[in-house]
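Chain residues, written in single-letter form:
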Amino acid sequence: MEPDYLKHVESVDGAELRQLMDRYGDDVWKYAYVLTKDREQAKDISQEVFIRAHYNIRSFRGQSSLKTWLLAIARNQSLNYLSSSYFRKIGLRETVRPRQSAPSAESAYLGQQSAAEIWDAIFGLSKKLREVLVLDLEHELTVQEIAQVLNLPAGTVKSRLHRARKEVEKRLKGWKQ
Amino acid sequence: MKETRPDWYSIAKGGLGDSLFTEEMKREVGRIVEQPRARRRSGRWIAGTALVALCVAAVLLILPLARPDSPAPSPAVTDEPSPVPSPDQPLPTPESPEPEPSETPPPPIADSEVRLAYESPENHSGDYPVETDRVEAKRIDKASVRIQRTIEVEGAGSFAIYVREEGDSQLYAGMEVRAKGTTGHKETDELYEIGPIGELVYADDVSVTPSSAFGQSGLRIFGACGANCVANTWIRFEESAPDVPFSDFRLYTHAQEVDLDEDGILEVVATETSTVGKVQIYKRIADRIMFVDVNEALQAEHPGSVVYEGSRRIFLALLPDRTLTYEYGIRDDVMKLTDEHTVETDLDRLIADKAYDGSESLQLEVDGETYESTWFANETFPVGAYLPNDGDKVLRKILLTDGLYYTTGSGSAFLTFRAADEGDLPELSKEADLAMYGDYMGTEFKDDEPYNRRDYFVYDRDAKRPIYVVLRYADDNASGVRPLLLAIAANIRYVPEA
């Protein structure tokens, strides 16, 4: 449930900001991490997102959901980081190892694929495909919401999402063989 | 067409962990926002910000020494109000104190000749609005879609612009499938679906035009999906399947086809107008689409910008303290600094780089008139301005949370502040009457509004939180209201941290 009252407020106080962080902090961190593949940077970026939200809440017009607004800020911050020559050239990257989770019985189609294997496949995608997939899978945004965050036509989001899913499935099948 | 979520989603979801945004992080954010504008950053933020600050300081100190003959019109280094900045007049030249030499290196500036290294966009870690994978059109039944428009292109065929289902807003482009008959081609009941091209509300904006980008004959389909969201799809045909369109180049930004290196083959210049202006050039090299990031090549990355001026075929590198002009080499992939390049210090900026010194009032001199003005700190941004007092000259003034609206005998105008990361900038054009200011970003015209002109200036005293200063007025009343507006803007002050 979105805090609708925020659509028209000029500022958020400490308690409200705390609520925002409780509700969306992990989402923002995860998205920044998926884009940067860097835990330390995800930490910095996600904190920066809420600081910016605090100062700029009046620019939130309620035309998108609060979650997509925060994710869009996180994306801008992450892309600024990625487009920095310094970081691009020294290539700060770490091996991404998501936590393990128990495989589900529903995974018969792919065998007993673990969450870590799936995330390895996801992190192997190009950034364009990876972010669309994660916004769908992890953040459960609609196609329209993803299009808003990425500033892309909804049809392009659909086609990227389709390609991303196929690519992950292809990689998982390849690993299984 | 809806795809069901794959089974493996349920396994993967949550796999990144939880409680990632920790209590400590929340406390840190809370601590920072409770100390307005005394924002502490950790790790690399501190190092990066300190480096930028050092570099800017070094340039401010070094440049006057390096150019002893140049004027020193620095409103930023005097205690006088910044000059009334009539665009028609050169800035005055008050004396400035002799700066101390600095050993800090200046910020990077590209060489006078920059060789461009084209690379594959697919392998690049940056985020660019391009797709180069091959997508071949698929045949679909014409009856399965809702056609909104049909565009005839002489010699190429007929293109349908459609939505897939009633109520959909996503527009697609398709090409009519024609069957060969004894008397030529005739229409069929099928389309080659090329792909998404925009949103339904922009159906009238879709265009299909002949293209010879990269020296290959084809068509370019343009569509829009929002105020600053466009899609360009280039389609071509192969000899082996001359009727089947395919695309291997799509750009989600504005683009121009231009023969930059004058070798007879058109390159594509892509321009993004977001919080900063970005430009990329695309070329086909050895049958692969390659690109170069012009911002990176000219070392004009955030908060710098690059603007391509198609009419003059030049690239402007807008750096925080200067603007440099480059042109593409003839038959050579190189950017050359032109003779007409301007090396501008912040002295040529409209908005003085001055901190608020506590003065409550100031006299603004505009076209021989004196406006008694009073200091107002902005509630939202760490800036303030001296605003003319109400009286016989300023008839009415309304303070807005993000700026000011006022009416004089000459007309009304707005001055507003906007966070640079609030959203994408609109399409801006560089107007000659303000082009002398280094901090001028460009102008937006909205013909359907009474105050139809908006001039954007960037104020990046805090390089991490740049602000746009937007001047809004009726273009046909520019000479009446703009001088005072520019004078107010020129005397904006930064409010130092508490």
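This one's a predicted model, so the numbers in the text were calculated from it and none came from an experiment.

Visitor: Help me understand the overall build of chain A, please; the structure alone is not making it clear to me.
Guide: Of regular secondary structure, chain A possesses 8 helices and 0 strands. Reading chain A from its N end, one meets helices and strands in the order α-α-α-α-α-α-α-α. Here chain A holds 177 residues, and the buried ones make up 49% of them.

Visitor: Would you mind showing me how to read the overall build of chain B here?
Guide: Check the secondary structure of chain B and you find 5 helices and 30 strands. Expressed as a percentage of its 498 residues, the buried residues of chain B come to 37%. In chain B, the proportion of contacts linking residues at least 24 apart, taken out of those at least 6 apart, comes to 51%.

Visitor: Even after reading the chapter, I still don't get the sheet that holds strand β15 (residues 277-285) of chain B, so can you show me in this structure?
Guide: All names here are of chain B. One open sheet accounts for 4 strands, arranged β13-β14-β15-β16; its pairing is antiparallel. Lying at the two open borders of the sheet, with one neighbouring strand each, are β13 (254-258) and β16 (288-293). Geometrically, the sheet is characterised by an average inter-axis angle of 25° between neighbouring strands, direction not taken into account. Where β13 and strand β14 (residues 267-273) come together, 5 bridges link them in antiparallel fashion. Along β14, the bridge assignment pairs Q256 with V269.

Visitor: Would you mind showing me how to read the confidence of the model for chain A here?
Guide: Low pLDDT means the predicted atomic positions in that stretch should not be read closely. All names here are of chain A. When the pLDDT values of chain A are averaged, the result is 77; 73% of them are 70 or greater. Within chain A, no element has a lower average pLDDT than helix α4 (residues 85-90), which sits at 41, and none a higher one than helix α6 (residues 127-137), at 92. Here residues 85-111 is modelled with pLDDT under 50, and outside its nearest four sequence neighbours on either side it reaches 47 contacts, counting other chains as well.

Visitor: How should I be thinking about the interface of chain B and chain A in this particular structure?
Guide: Every contact between the two is made by 51 residues of chain B and, on the other side, 59 residues of chain A. Within the residue set of the side of chain B that touches chain A, elements represented by two or more residues are α1 (8-12), α2 (23-33), α3 (43-66), β7 (170-181), β8 (184-199), β10 (218-226) and β11 (229-238) of chain B. If you tally residues by element for the side of chain B that touches chain A, the top one is α2 of chain B, at 7 residues. Here the residues of the side of chain B that touches chain A are counted per class, giving 20 nonpolar, 16 polar and 15 charged.

Visitor: Can you help me understand the sheet that holds strand β20 (residues 334-337) of chain B in this one?
Guide: The strands making up a sheet associate through hydrogen bonds between their backbones, and the pairing can be parallel or antiparallel. All names here are of chain B. Read across the sheet, 5 strands follow the order β1-β20-β19-β18-β17 without closing on themselves; strand pairing throughout is antiparallel. Two strands lie at the open edges of the sheet, namely β1 (113-115) and β17 (305-309), each paired on one side alone. Direction aside, neighbouring strands of the sheet carry axes that sit 25° apart on average.

Visitor: Help me out: how do you make sense of unusual backbone geometry in this one?
Guide: Glycine aside, residues mostly have negative phi, and peptide bonds are mostly found in the trans state. With a phi close to 55°, K37 of chain A is a non-glycine residue in the positive phi region. Tracing the backbone through its elements, the reader meets K37 of chain A in the loop between α1 (14-36) and α2 (39-56).

Visitor: I keep staring at the confidence of the model for chain B and nothing clicks. Help me out?
Guide: All names here are of chain B. This prediction gives chain B a mean pLDDT of 77; 79% of its residues lie at or above 70. In this model, residues 36-106 is a region of pLDDT below 50 whose contacts with residues beyond four sequence positions or in other chains number 93 contacts. Considering only residues more than four positions removed or in separate chains, one finds that residues 341-347, a stretch of pLDDT under 50, has 19 contacts. What the predictor reports for the complex is a pTM of 0.48 with an ipTM of 0.81.

Visitor: Just to check I follow, could you spell out the pairing of strand β6 (residues 157-163) of chain B for this structure?
Guide: Residues in a regular strand project their side chains so that they alternate between the two faces of the sheet. Of the pairings in the sheet, the one linking strand β5 (residues 146-153) of chain B to β6 of chain B comprises 7 bridges and is antiparallel in character. Bridging from a neighbouring strand, R146 of chain B pairs with V163 of chain B of β6 of chain B.

Visitor: Looking at this structure, how should I read the packing of α1 of chain A against α6 of chain A?
Guide: When two helices pack together, their arrangement is given by the angle between their axes and by how far apart the axes lie. All names here are of chain A. Taken N-terminus to C-terminus, the directions of α1 and α6 make an angle of 160°; their axes are 10 Å apart at the nearest point. One finds that α1 runs roughly antiparallel with respect to α6. Every pair of crossing elements has a handedness; the one defined by α1 and α6 is right-handed. Where α1 approaches α6, its residues Y31, V34 and L35 are matched on the opposing element by K127, R130, E131 and V134. Looking at the contact of α1 with α6 residue by residue, the class counts come to 4 nonpolar, no polar and 3 charged.

Visitor: What am I meant to see in the nonpolar core here?
Guide: The tendency in soluble globular proteins is for nonpolar side chains to be buried as a group. In terms of nonpolar packing, the biggest core is built from 114 residues, with V28 of chain A together with A317 of chain B touching the most fellow members. The residue makeup of this core includes at least three contributed by each of domain 1 (3-90) and domain 2 (108-176) of chain A. Contacts of A317 of chain B, omitting those with residues within four sequence positions, involve L298, A300, G304, V306, T323, L324 and Y326 of chain B.

Visitor: Just checking my understanding: could you explain the environment of S46 of chain A for this structure?
Guide: Note that S46 of chain A resides in helix α2. A C-alpha to C-alpha distance of 5.7 Å links S46 of chain A and V28 of chain A, two positions 18 residues apart in sequence. Apart from the residues within four sequence positions on either side, S46 of chain A is in contact with G25, V28, W29, A32 and A74 of chain A together with F21 of chain B.

Visitor: Before we go on, may I ask you to explain the environment of F291 of chain B in this structure?
Guide: All names here are of chain B. Assignment of secondary structure puts F291 in strand β16. Taking the number of C-beta atoms within 10 Å as the measure of exposure, F291 has 23 and is therefore buried. Along the backbone, F291 and Y128 are 163 residues apart, and their C-alpha atoms lie at a distance of 9.9 Å. For F291, the contacting residues outside a window of four places in its chain are Y118, E119, P121, Y128, V130, Q280, I281 and Y282.

Visitor: Could you clarify how one ought to interpret the pairing of strand β12 (residues 241-251) of chain B in this entry?
Guide: Residue and element names in this part refer to chain B. With 2 bridges connecting them, strand β2 (residues 130-131) and β12 associate as antiparallel partners. Each bridged residue has a counterpart across the sheet, and for E131 the counterpart in β12 is R250. Two strands pair when backbone bridges link them, and strand β3 (residues 135-136) and β12 are joined in this way by 2 bridges, in the antiparallel orientation. The partner of E136 across the bridge, within β12, is F246. Direction of pairing for β11 relative to β12: antiparallel, over a ladder of 5 bridges. Residue E238 lies in a different strand from β12, and its bridge partner there is A241. Connecting β11 to the antiparallel partner β12 that follows it, the hairpin turn spans 2 residues.

Visitor: How do you make sense of the packing of α2 of chain A against α2 of chain B when you look at a structure like this?
Guide: Where α2 of chain A contacts α2 of chain B, the two axes come as close as 10 Å, and the packing angle between them is 40°. Of the possible angle classes, the one that applies to α2 of chain A and α2 of chain B is oblique. Between α2 of chain A and α2 of chain B the crossing geometry is right-handed. Here K43, Q47, F50, I51 and H54 of chain A of α2 of chain A come into contact with α2 of chain B, specifically with M25, E28, V29, I32 and V33 of chain B. For the contact of α2 of chain A with α2 of chain B, the residue count by class is 6 nonpolar, 2 polar and 2 charged.

Visitor: How should I be thinking about α6 of chain A in this particular structure?
Guide: Because each turn of an α-helix spans 3.6 residues, side chains separated by three or four positions end up pointing in the same direction. Burial of α6 of chain A is extensive: 10 of the 11 residues sit out of reach of the surface. Looking only at α6 of chain A, the buried set comprises K128, L129, R130, E131, V132, L133, V134, L135, D136 and L137 of chain A.

About the thresholds
- Residues numbered from 1 in each chain as written.
- Chains lettered and ligands numbered in written order.
- Predicted model: local features only at pLDDT ≥ 70, side-chain atom pairs only at ≥ 80, totals over all residues.
- Helix = DSSP H or I, 4+ residues; strand = E, 2+ residues; numbered from the N terminus.
- Buried ≥ 20, exposed ≤ 12 C-beta atoms within 10 Å, placed from the backbone.
- Contact = placed C-beta atoms within 7 Å.
- Pairing = 2+ DSSP bridges.
- Axes fitted to C-alpha atoms, helices over the stretch in contact; angles between N-to-C directions.
- pLDDT = per-residue confidence, 0-100.
- Nonpolar A, V, L, I, M, F, W, Y, C, P; charged D, E, K, R; others polar.
- Parallel < 35°, antiparallel > 145°, perpendicular 65-115°, else oblique.
- Left-handed = near helix turned anticlockwise from the far one by under 90°.
- Core = buried A, V, L, I, M, F, W, Y, C linked by C-beta atoms within 7 Å.
- Domains from an automatic or database assignment.

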